[in-house]
Structure formats: structure tokens, C-alpha cells
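The residues making up each chain are set out below.
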Amino acid sequence: MRSGGARGFARLRPGDRVAVIAPSGPVHPDRLESGCTVLRDLGLDVVVAKHALDRVNLGTAEPVRDDWQRLAGTDADRAADLQAAWCDPRVRAVVCARGGYGATRILDHLDWAAMAEAAVTDRGPKLLHGSSDITALHAAFGERFGITTAFGPMPAGILADGAGDDHEASLASLRAAWFGSAPEAVGGTHALAPGRAEGPLTGGTLALLTAMLGTPYAPPPAAGRVVFLEDIAEAPYRIDRMLTQLLQAGWFDGAAGVVLGPWTDCGDPAEADAVVAGRLGPLGVPILAGVSAGHGPRQLTLELGARVRLDAGAGVLTLQAPAGGV
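Calculation criteria
- Residues numbered from 1 in each chain as written.
- Predicted model: local features only at pLDDT ≥ 70, side-chain atom pairs only at ≥ 80, totals over all residues.
- Heavy atoms only, no water.
- Phe/Tyr/Trp six-rings, centres within 6.5 Å; stacked < 30°, edge-to-face > 60°.
- Helix = DSSP H or I, 4+ residues; strand = E, 2+ residues; numbered from the N terminus.
- Buried < 20%, exposed > 50% of the residue type's maximum accessible area, 1.4 Å probe, protein only.
- Lys NZ or Arg CZ within 6 Å of the ring centre and 35° of its normal.
- Pairing = 2+ DSSP bridges.
- Axes fitted to C-alpha atoms, helices over the stretch in contact; angles between N-to-C directions.
- Contact = heavy atoms within 4.5 Å.
- Salt bridge = Lys/Arg side-chain N within 4 Å of Asp/Glu carboxyl O.
- Polar contact = N/O pair within 3.5 Å; in protein donor to acceptor, adjacent residues only side chain to side chain.
- Expected span 1.5 Å × (residues − 1).
- Arc of directions from axis to C-beta.

Asks: I tried to follow the packing of aromatic side chains on my own but got confused; where do I start?
Replies: The relation between two aromatic rings is expressed through the spacing of the ring centres and the mutual angle of the planes. Scanning the model with the defined rule gives eight aromatic pairs in all. On the basis of an interplanar angle of 70 degrees and a centroid distance of 4.9 Å, the ring pair of W86 and F141 is categorised as edge-to-face. Note that W86 is positioned in helix 2 (residues 75–87) and F141 in helix 5 (residues 135–145), a separation of 55 residues in sequence. For F141, a relative accessible area of 0% translates into the label buried. Between W86 and F145 the ring centres are 6.0 Å apart and the planes differ by 15 degrees, which places this aromatic pair in the stacked class. Of this pair, W86 sits in helix 2 while F145 sits in helix 5, and the two are 59 residues apart along the sequence. As far as burial versus exposure is concerned, W86 and F145 are alike and both buried. An aromatic cluster of three or more residues is present, and its members are W86, W112, F141, F145 and Y217. R11 extends its terminal NZ or CZ atom over the ring of F9, reaching a point 3.9 Å from the ring centre. Over the face of the ring belonging to W112 we find R144, whose NZ or CZ atom lies 4.7 Å from the ring centre.

If you want it as C-alpha cells, here you go:
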């Protein structure tokens, strides 16, 4: 991240245009439309990218097969949608439709100089929003543009479900982050290590952070930062292996604290806790577990790059006043 810290993204206003793109896995049309309706109900002007509903095989074979892994269009087309949306002066936010797999593949197809020039508007930095596989974009945008980004629920994901307490809580958190309501505390369920810490929030989905090590888009080291980690469908031994890789790479050196998501479908939660405590406990920093962000039925929005205050013993993560434009 650039010296001086990240600039907070400009908070949205009713009537602002947001572009919905699909930089990763294929999107179901009905779910995308349902999620876009939710965003329109927030008073936003929602446009969908040209290739958002495309489907191609993961490899080069044709025709497209539903029983094979697929992407939402070719790497070049997905990158073109992202770049066109980000560089469009009418667009205030770029929202990713869903995660899955494929965001890392488009990084080499982007004109980073052009995107850096478009990153800051008259109202402040643009907003990038998404989670899961979109961790790849969060890391690259945060480091290259020096801006904060929003890690939260996506239109073709939980936002498309449209009902229930978890949906309403997820939407309320997204609304507060996007439109600049007073920062609220985010609760965890238990501390793996007590203590307090402050610093910019970094991290995202563990598998993506690990996969980017050694690349030009690797997330910057966590020194002085509070690290957020979460994932889905990763066995405890795989969590252990990925944490070990990050530790051996020196990525955790100097980290101020750690915040953990719910480890959805990652086996026995107690075993996942034991793995994290065993691997990260020796860092001697506060560790708060069970924050409802990332994969799971309730997906709160976290502002990556923003300064946060962590009190693991009290089970609270607090976003400090956002520095974004208005």
C-alpha cells in the first residue's frame, strides 16, 4: 500500500451508477437479476457488463460443457468488462456478481496505468466490491491504487436470496459501508487470543492470499495491519498448510492482530480453531474468531485498507471513521 495509508473509497449517493461485472465464475441470469434489483432498490443506477452472462470452459476445448468447470467468459473479455467499467467516468462503483474461480487469470490482461488514472474521481476513489475469489482484485487494487475496497456480499450470491434475517443484516451492513453511515462494531463469537490492536485491515479469502504469493499481485506483507481471514470447503489440514506457507514466506511478520471468519464447511469448527491457534498463536497478537464476514449465511461488509480497532477479549472489531469522499 502506498505510503501515507489508503484513501477511503467515495461513499455512494442515490442515483449513482454502479457497474456489475463477472470476473470469475459463470453467473445464473435469474440470480443476477434478483441481486441487481436489490441494488436498484437502494436507489442506484445499475448497469450490467457486456460479458457478465458469458460462459466458457476452463480449458480451451469447445463446446461449453455444463459438467466441466467454467468461467464467465474468456480472460480477455472478463478483463475488458472490468477495465471498461472502472475507467468509465459515469461509474462510481464496480460490483462483482459472484466469486468462484478466475479473477487471478485476468490480472495480466489489465492496463494498470489506465486504471490507476481512473481510480480517483472528483468525489474521491471509486469503489470495488466483492468477496471470495475477488480477494485477488482487492489485493491488487489496494496496493496499486492506494485505496480501500469493500469485501462483502455479491448480487448473484446472498443478495439474490432476498429474505430472512441474515439477508437483511448483510444488506444493512453493505448499505452502511457504501453510503457512509456511522461505523458500527462487528462482533465475533470468541477469542483465540485476547488483546487489543489497531491498524489497517487487510486479507480476505485464505486460499487466494496464498495463491498470489510470489506473483506481481501478491498482497503486501501484514506488518502493522489487522489481518482478516476466511474460507469455505477447506479441510483443516489445508488451512494449516496455507497458514504455514504464509508464515514461512514472512507474510505475517509484524501483524498487529487477526480476525477470522466462520470457516464455512471446513470440517469441525473446533479443529479449525485449534489449527489457527496452533499456527498463529505464537505471533503473540490478539485473535478474534467467528466474525460473520465472507462465506456463510450472514455476510457483513468489511472495508479492506481502512483503519480498524480490534478488542479480541471483548469480541469486537470497530471500523474507525471512514476517510472516503462524499
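The structure having been displayed, the exposition proceeds.
Asks: Please explain the sheet that holds strand 12 (residues 196–205) as it appears in this structure.
Replies: Neighbouring strands of a sheet are bound in pairs by backbone hydrogen bonds; such pairs are parallel or else antiparallel. If you walk across this open sheet you meet the eight strands as 10-18-17-12-13-14-15-11, and the pairing is mixed. Pairing within the sheet leaves two strands with one partner each, and these edge strands are strand 10 (185–187) and strand 11 (190–193). Averaged over all neighbouring strand pairs, the angle between strand axes comes to 30 degrees, with direction disregarded. Pairing of strand 17 (residues 307–311) with strand 18 (residues 316–319), which is carried by four bridges, proceeds in the antiparallel orientation. Considered in strand 18, the bridge of R309 is made with T318. Seen against the sheet, helix 9 (residues 269–280) touches strand 11, strand 13 (226–230), strand 14 (257–260) and strand 15 (287–289) and runs at an angle of roughly 35 degrees to strand 11.

Asks: Would you explain the pattern of salt bridges in this entry?
Replies: Pairing between side chains of opposite charge can happen when the charged atoms of each approach one another. Counted by the stated rule, this structure contains 14 salt bridges. A salt bridge links D66 to R70; the nearest nitrogen and oxygen atoms lie 3.3 Å apart. By relative accessible area, D66 is classed as exposed at 63%. By sharing partners, the salt bridges in this structure join D75, R78 and R105 into a single network.

Asks: I tried to follow the side chain of Q299 on my own but got confused; where do I start?
Replies: In this fold, Q299 is placed in the loop between strand 15 and strand 16 (302–304). A polar atom in the side chain of Q299 sits 3.0 Å from the backbone oxygen of G296. Not counting residues within four places of it along the chain, the set of residues in contact with Q299 comprises P153, I158, S170, S292 and G294.

Asks: How should the environment of A114 be read in this particular structure?
Replies: Among the structural elements, A114 can be located in helix 4 (residues 112–118). Between the C-alpha atoms of A114 and L208, which are 94 residues apart in sequence, the distance is 25 Å. If we skip the residues at most four places from it in the chain, A114 touches Q83 and C87.

Asks: Before we go on, may I ask you to explain the sheet that holds strand 1 (residues 17–21) in this structure?
Replies: What the six strands build is an open sheet, ordered 2-1-5-8-9-16; its pairing is mixed. What marks the edges here is a single partner per strand, and that holds for strand 2 (45–48) and strand 16. Averaged over all pairs of adjacent strands, the angle between their axes in this sheet comes to 25 degrees, without regard to strand direction. Relative to strand 16, strand 9 (residues 149–151) runs antiparallel, the two sharing three bridges. Directly across from T149, in strand 16, lies its bridge partner L304.

Asks: Just to check I follow, could you spell out helix 9 for this structure?
Replies: Quick reminder: α-helices carry 3.6 residues per turn. Residues three or four places apart thus point the same way. An ideal rise of 1.5 Å per residue puts 16 Å on 12 residues; helix 9 measures up with 16 Å between its terminal C-alpha atoms. All of the buried residues in helix 9 are A272, D273, V275, V276 and L280. For helix 9, the angular spread of the buried residues around the axis is 160 degrees, confining them to a single face. Buried residues belonging to helix 9 abut strand 11, strand 13, helix 8 (236–248), strand 14 and strand 15. With a side-chain oxygen positioned 2.9 Å from the backbone nitrogen of A270, the residue opening helix 9 is D268.

Asks: When you look at unusual backbone geometry in this model, what are you seeing that I'm missing?
Replies: Leaving glycine aside, a negative phi is the common case for residues, and trans is the common case for peptide bonds. Here A233, not a glycine, exhibits a phi torsion of approximately 55 degrees, which is positive. With respect to the element layout, A233 can be found in the loop between strand 13 and helix 8. The class for A233 is exposed, based on a relative accessible area of 54%. Of note, W263 is a non-glycine position whose phi angle comes to about 50 degrees, a positive value. In this structure, W263 sits in the loop between strand 14 and helix 9.

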